Amino acid sequence: MKKFLDLGNQPLANSYLKKNQLNQKEKKFRLEIGFNPKNFLVSILNTVPKEKMFNKNYPYKSSESFTMRSQFQKLAVKLKKKFKPKLSLEIGSNDGAFIKNFKKEEVIGIEPCKNLAKITKKKGYKTYSEYWDIKLAKKISSKKKIDLIYSANTLSHIKNISEIFKAINLALTDNGVLVLEDPSLLECMRNLAYDQFYCEHIYVFSTLSLQKTLKVADLEIFDIENLTTHGGSNRYYIKKKKNINFKISSKVKSNLSKEKKFGLNKFKTYKNFANKVKKSKFNLEKIFNDLIKKNKKIIGYGATAKSCTVLNYCNINHKKIDYFYDTTSFKIGSYLPGSKIPIRSYQKLDTKKIDYVFLGAWNFKDEIFKKEKEFIKNGGKFFTHVPFPHII
Ligand code: JHZ
């Protein structure tokens, strides 16, 4: 791995602090990012044990956003129509936003975070609260193989990625399909969204890197959809190599050439990105300092895992942002890791109380702006670091 970016000492992104933990020393790790010139994988260099991140206290729920709920619902309808699966499985089923669109006897959830698995189990969905690996794949598919495996924003969180794909190959029927969705490295670089890098995001995949990694597990991409989700994601349709029933779409070739044209196969592209990130930090700090000098009241919107990287990298703490609004019950009343900014229960934005809003959940800008149109109409302002630090 060749290192290209150092985002400093960072706490664990989803380790929100309780009030009584504010004076305790937080565990930090060095967030450095590297590029592997052999298989083009971009990954964080110092990983945190999975049990420290994905456990019974996991705070993120997929169902929190209207955008995500409706996307999962539409996708489930589409996949059922297209592939007619008798048995489906989701790796990282979270609180059930995707699997709830299936009949209970036709879907299995895999969710190692016990607090989330409890939610789907309670609703009657078969859920294994375990980490996905070869052992679990064998256990589940020994009697009946899976026709459709779906995984969104999960496989990029798992270190031993080749084993993960081998386990998928093992569990799938010969005509089975893996649908995989994760942030796109190309969009992350284009948007200068360096906050896609944090402890949980071990990888940010490109088509180039996935193609090479899948090959090791005898799998291959046969179609791709470019999505706007999470600031730009790719949905990959993957099959067994020996399966000739699906034609390889021209989208695969066009995505590969787009990525090559951008230089995702070259180290110097990543060095350029790192230089731009440094400038972005400088300019975001400047926006904060200017607003503070003018005595503006600043709050944050959406206490995301991504925010942890930006806030800690750009030295933004509770002295610069009064509080964050977030709708997630697990997060309310706690404090963002490192920056120690309190998280409050969401209230409609009001220009009588707030001047400027830092958009932590910049990936949900459209949904949030729709909700807050009164605030904007009355002169309230949002600002973000994506694709460059600016007041919107
Ligand atoms: P959101 C998490 O990252 C962690 P985060 C994880 N590693 C990952 O990959 C992605 O999810 C998928 C709040 N919100 O989705 C809810 C409001 O308060 O960008 C969430 O806390 N009001 C698994 O945390 C946060 O913002 C709103 O109107 O970076 C959004 O988090 C909306 C729309 C959201 O993921």
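Up top you'll find the structure we're talking about.
In short, a report on the structure. (Residues numbered from 1 in each chain as written. Predicted model: local features only at pLDDT ≥ 70, side-chain atom pairs only at ≥ 80, totals over all residues. Heavy atoms only, no water.)

1. Comments concerning the site of the ligand
Then comes step 1: Taken together, 24 residues form the shell around the ligand, and within it Glu 200, Lys 306, Asp 326, Lys 331 and Lys 371 come nearest.
Then comes step 2: Computed on the free molecule, the ligand has an accessible area of 720 Å², of which 96% lies beneath the protein chains in the complex.
Then comes step 3: Mapped onto the shell around the ligand, the elements with two or more residues apiece are α10 (305-313) and α11 (365-371).
Then comes step 4: Of the residues forming the shell around the ligand, the biggest block, 3 residues, is contributed by α11. (Near = heavy atom within 4 Å. Areas by Shrake-Rupley, 256 points an atom, 1.4 Å probe, with all protein chains shown as cover. Helix = DSSP H or I, 4+ residues; strand = E, 2+ residues; numbered from the N terminus.)

2. Digging into the pairing of strand β10 (residues 233-240)
Then comes step 1: Along β10, 8 of the 8 residues are buried, which leaves the element largely enclosed by surrounding structure.
Then comes step 2: In terms of strand pairing, strand β8 (residues 172-183) meets β10 through 6 bridges, oriented antiparallel. Residue pairing across strands places Asp 182 opposite Asn 234, the latter belonging to β10.
Then comes step 3: Of the pairings in the sheet, the one linking strand β9 (residues 219-227) to β10 comprises 8 bridges and is antiparallel in character. Its bridge partner lying in β10, Ile 221 is registered against Ile 238. (Buried < 20%, exposed > 50% of the residue type's maximum accessible area, 1.4 Å probe, protein only. Pairing = 2+ DSSP bridges.)

3. What about the nonpolar core?
Here is a general trend for soluble globular proteins: nonpolar side chains tend to be buried in one another's company.
Then comes step 1: One finds Trp 132, Phe 165 and Ile 168 to be the most contacted residues of the largest nonpolar core, which totals 93 residues.
Then comes step 2: Core analysis: the second largest hydrophobic core is formed by 36 residues, Ala 76, Phe 98, Phe 102 and Ala 361 among them. (Core = buried A, V, L, I, M, F, W, Y, C linked by side-chain atoms within 4.5 Å.)

4. Some words on unusual backbone geometry
Then comes step 1: With an omega of 0°, the peptide bond between Val 386 and Pro 387 qualifies as cis.
Then comes step 2: Summarising the element assignment, Pro 387 is placed in the loop between β15 (381-384) and β16 (390-391).
Then comes step 3: For Asn 295, which is not glycine, the phi torsion reads 60° and is therefore positive.
Then comes step 4: For Asn 295, the location among the structural elements is in the loop between α9 (267-293) and β11 (298-301).

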